[in-house]
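Here are the chains, one letter per residue:
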Amino acid sequence: MSQFERLIFGNIEFADSEEHLEFQFKFLCIVLLCGAVFTAVFVVGEYTRLNPLDSPHVLTMRFFIVAALSLWCLLRGQKRRFLAIAWVYEAVCIVEYISVLAYVPQDELRILWLFTNIPGVYLLLGRKAGFVITVLSVFGLLFGNAAMIQPYSQPALATAVVSMVYLALFFHVFSSRSVSYYVRMRESNERLYHLAMHDTLTGVLNARAYYEICDRLIATARRNARPYAVLFVDLDHFKSINDRHGHAAGDVVLKSIAATLGGNIRQSDALGRIGGEEFSIFLPDTSRDAALQVAENIRLAIERRCPEIGGEQCLRVTASIGVAGSESAIDDMLTLQQRADQAMYRAKAAGRNRVSLFPASSPAEELALPA
């Protein structure tokens, strides 16, 4: 964001899913400033007598300038306030338009302000608000025209009402289609993002996305001086499953195991498929002892699960799991993954279907079952 944009909009960031809100927010900021500036031009015209009004409406214009600038100051950098400020600004605009209709009869084109209001309402507040404001404007003209100092003629009034309804219909259709297009684009982008981030077979994070998330989680853990750990999960004898039962059966097993892993970790944990039958789990805010217990729970859950591969046949699957915890503030994901990998291979060498910790300083730190 440039210095000029930061001046206008404040220090604010929008998520990728907030693209429409970002447009509305920035549009409202610009409308508030432009409304104040253009109204100030009319006030200057009155004081210099280039555009004399000689009307109480000058006071209303001063109020409008102060209100618009105040609302802009309240909105800068505060996207949560957008909807409330948009409605307050619309109320201020309605007061301004009623004032100009009532107190500036010498300006035959003052009715155009009602027309400029309708597109802004549709863009900022949506179709329902646009419809309501249009109806209020039409009935206000029809019933308030007679009370004006110089009422509009019936032909002029009919033209104004029909034109206003036409303009409202135009923007009603436009806003409907544009919002629909935006929603479809956002959903399409979300699907593409999900495909780019997740393994197509198991639905868990793919290797690239997993390691990117782990790097961010490690950076957060370092700032907060919190421990973290990594589990390396490798299915035992998976090649024999593919050889004996086919790759379709192997895919069923992988999806079942991925579901088991996901069901035994927290939402704050990260799960990724980093190889054919290899999974990795990052556990933020977790000590080595706690990670060891999580790994044992996962090992038991995998052992108890018997994925059905068709014909009422299920396969008993086991896994060897390596555990590595953070030992210093400089431990990165690559180092932890290598340590967990070493621990996993030690579990394989010890007979499989067990959990191994890096470093394993004593037998008590190894949780295992007979092979």
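Here the structure is shown first, and the text comes after it.
Residues numbered from 1 in each chain as written. Predicted model: local features only at pLDDT ≥ 70, side-chain atom pairs only at ≥ 80, totals over all residues. Heavy atoms only, no water.

Brief notes about the overall build of the protein chain
A count of helical and extended segments in the protein chain gives 12 helices and eight strands. In terms of overall dimensions, the protein chain has C-alpha extents of about 100 × 50 × 25 Å along its principal axes. Of all 371 residues assigned to the protein chain, the portion counted as buried reaches 43%. Sequence-distant contacts in the protein chain: of pairs separated by 6 or more residues, those separated by 24 or more amount to 65%. For the protein chain, the accessible area works out to roughly 20000 Å², and carbon and sulfur atoms hold 61% of it. Side-chain charges of the protein chain comprise 35 positive and 36 negative groups, with the mean position of each set lying 2 Å from the other. (Helix = DSSP H or I, 4+ residues; strand = E, 2+ residues; numbered from the N terminus. Buried < 20%, exposed > 50% of the residue type's maximum accessible area, 1.4 Å probe, protein only. Contact = heavy atoms within 4.5 Å. Areas by Shrake-Rupley, 256 points an atom, 1.4 Å probe, with all protein chains shown as cover. Lys, Arg positive; Asp, Glu negative; His and termini not counted. Charge placed at Lys NZ, Arg CZ, Asp CG, Glu CD.)

Considerations on the pattern of salt bridges
In a structure, side chains of opposite charge can pair up when their charged atoms sit close to one another. Summed over all chains, the structure comprises 13 salt bridges. Put simply, D199 and R273 hold a salt bridge, and the shortest N to O gap is 3.1 Å. Taken as a pair, D199 in the loop between α7 (154-197) and α8 (207-224) and R273 in strand β2 (residues 270-273) lie far apart in primary sequence, 74 residues in all. In this structure D199 comes out as buried when scored by relative accessible area, which is 15%. A salt bridge links K348 to D236; the nearest nitrogen and oxygen atoms lie 2.9 Å apart. Of this pair, K348 sits in helix α12 (residues 333-349) while D236 sits in the loop between β1 (228-235) and α9 (238-245); the two residues are 112 residues apart in sequence, bridging distant segments of the chain. (Salt bridge = Lys/Arg side-chain N within 4 Å of Asp/Glu carboxyl O.)

Details of the nonpolar core
Grouped together as the largest cluster of nonpolar side chains are 52 residues, with contacts concentrated most on L28, L32, L75 and Y89. If you list the elements that add at least two residues to this core, you get α1 (3-9), α2 (19-47), α3 (57-75), α4 (82-103), α5 (112-125), α6 (127-144) and α7. Beyond its immediate stretch of four places on either side in the chain, L75 contacts F25, L28, C29, L32, R81, F82 and I85. Judged by nonpolar contacts, the second largest core, of 29 residues, contains L235, L261, I302 and A319. (Core = buried A, V, L, I, M, F, W, Y, C linked by side-chain atoms within 4.5 Å.)

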